[in-house]
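Single-letter residue listing:
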Amino acid sequence: MRGVVDCEYQDGEIRGLVFLCGMRGTGKTTEMDRLLSLCTGGVLFFDTLSKHAEVLRGYKVISSTRELETYLRVNRGRRFRILYQPRSGNLDDHFRAVCVLVRVCGFMIFAVDELDKLCGQRWGDSRMPPEFYHLVNYGRHERVSMIATARNPKAVARAYTAESEMRIFRVEERSYRDYFAERLGEEAAEQLASLPRFFYLRKVEDAPIERRGGPRGAFV
Ligand SMILES: Nc1ncnc2c1ncn2[C@@H]1O[C@H](COP(=O)(O)OP(=O)(O)OP(=O)(O)O)[C@@H](O)[C@H]1O
Ligand SMILES: [Mg+2]
């Protein structure tokens, strides 16, 4: 299923802003990969730590914004799978330039791994680069929806998390659970501490919170 629903670009299960959070090794990036595999249009995966070239199969690895621009010009509106790895130079500069190209191109799912590393006080009140802020606020006009992972929810800019669908994996850190208690309620936040590996709580708008996920493939 791909198209515009309620003024937002949808591809597979992704529409608007999606946020995957939880402790290290709980399955966030794997779930993001699974959701992206359900997409039939363009996908750009920003690999903040440049560590997923082995994991994401079938993606074209690009490491410079010049090459990205050329590739997007040819593939705009088509099905593409790009893994952007900022291997050298300044990480923030790469991210900002990629955000601009995502906006100009439109019609894609923009996936950001470890978004907490790209947000922070250095960006002032918005806590995120202005180019990303623009996508968060106006991405729907450019037909861009986004999905992002983070271990530390408090480090992710509030404008992103406030509007997003959440898939929260196991969280042991007390202050992070307090954060989710505010968003999901005390009962759900308590459950987060004892979620088995690879399971998560899913919160979409006003729908009841669901438990989902679990081991897949050879691990079942
Ligand atoms: N649902 C699942 N079933 C079986 N194995 C899984 C599942 N999800 C993830 N894994 C495996 O668990 C390991 C950790 O998964 P993943 O890298 O997705 O975690 P993460 O939450 O992104 O961790 P990090 O915070 O370190 O980035 C990987 O080896 C992955 O293949
Ligand atoms: Mg990960």
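For the structure itself, look to the data block above.
What comes next is a walk through the structure. This structure is a prediction, so every number in the text was calculated from the model and none was measured.

With that out of the way, let us pick up the site of ligand 1. Within the structure, ligand 1 sits among 14 residues, and G27, K28, T29, T30 and F198 are positioned closest to it. Residue classes in the shell around ligand 1 are distributed as 3 nonpolar, 7 polar and 4 charged.

Time to look at unusual backbone geometry. Positioned with a positive phi, S50 is a non-glycine residue whose angle comes to about 50 degrees. Secondary-structure assignment places S50 in the loop between β5 (42-47) and β6 (60-62). The exposure class assigned to S50 is partly exposed, which follows from the 17 C-beta atoms found within 10 Å. At E205, a residue that is not glycine, the phi angle is positive and equals roughly 40 degrees. For E205, the location among the structural elements is in the loop between β11 (199-203) and β12 (210-213).

With that settled, consider the environment of G89. Along the chain, G89 turns up in the loop between β7 (81-84) and α3 (91-105). Along the chain, G89 and P129 lie 40 residues apart, while their C-alpha atoms are 17 Å from each other.

L44, F45, F110 and A111 are the most contacted members of the largest nonpolar core, which totals 59 residues. For L44, the contacting residues outside a window of four places in its chain are I82, Y84, V102, M108, F110 and A111.

Turning our eyes to something else, we now look at the sheet that holds strand β3 (residues 14-15). One open sheet holds the 3 strands; their spatial order is β1-β2-β3, and the pairing between them is antiparallel. For this open sheet the edge positions go to β1 (2-5) and β3, each flanked by a neighbour on one side alone. In the sheet, β1 pairs with strand β2 (residues 8-11) via 4 bridges, with the strands oriented antiparallel. By the bridge assignment for β2, V5 is matched with E8.

With that out of the way, let us pick up the pairing of β7. In this sheet, β7 lies alongside β5 in parallel orientation, the contact comprising 4 bridges. If you follow F45 over to β7, its bridge partner there is L83. Pairing geometry for β6 and β7, over 3 bridges, is parallel. Bridging across to β7, K60 finds its partner in I82. Taken together, β6, helix α2 (residues 65-75) and β7 form a β-α-β motif whose crossover is right-handed.

Attention now goes to the environment of I14. Tracing the chain through its elements places I14 in strand β3. Taking the C-alpha atoms as reference points, I14 and I109, separated by 95 residues in sequence, lie 7.8 Å from one another. Not counting residues within four places of it along the chain, the set of residues in contact with I14 comprises L35, C39, I109, S145 and I147.

Definitions and cut-offs
- Residues numbered from 1 in each chain as written.
- Chains lettered and ligands numbered in written order.
- Predicted model: local features only at pLDDT ≥ 70, side-chain atom pairs only at ≥ 80, totals over all residues.
- Near = placed C-beta within 6 Å.
- Nonpolar A, V, L, I, M, F, W, Y, C, P; charged D, E, K, R; others polar.
- Helix = DSSP H or I, 4+ residues; strand = E, 2+ residues; numbered from the N terminus.
- Buried ≥ 20, exposed ≤ 12 C-beta atoms within 10 Å, placed from the backbone.
- Core = buried A, V, L, I, M, F, W, Y, C linked by C-beta atoms within 7 Å.
- Contact = placed C-beta atoms within 7 Å.
- Pairing = 2+ DSSP bridges.
- Right-handed = clockwise from strand over helix to strand, strands pointing away.

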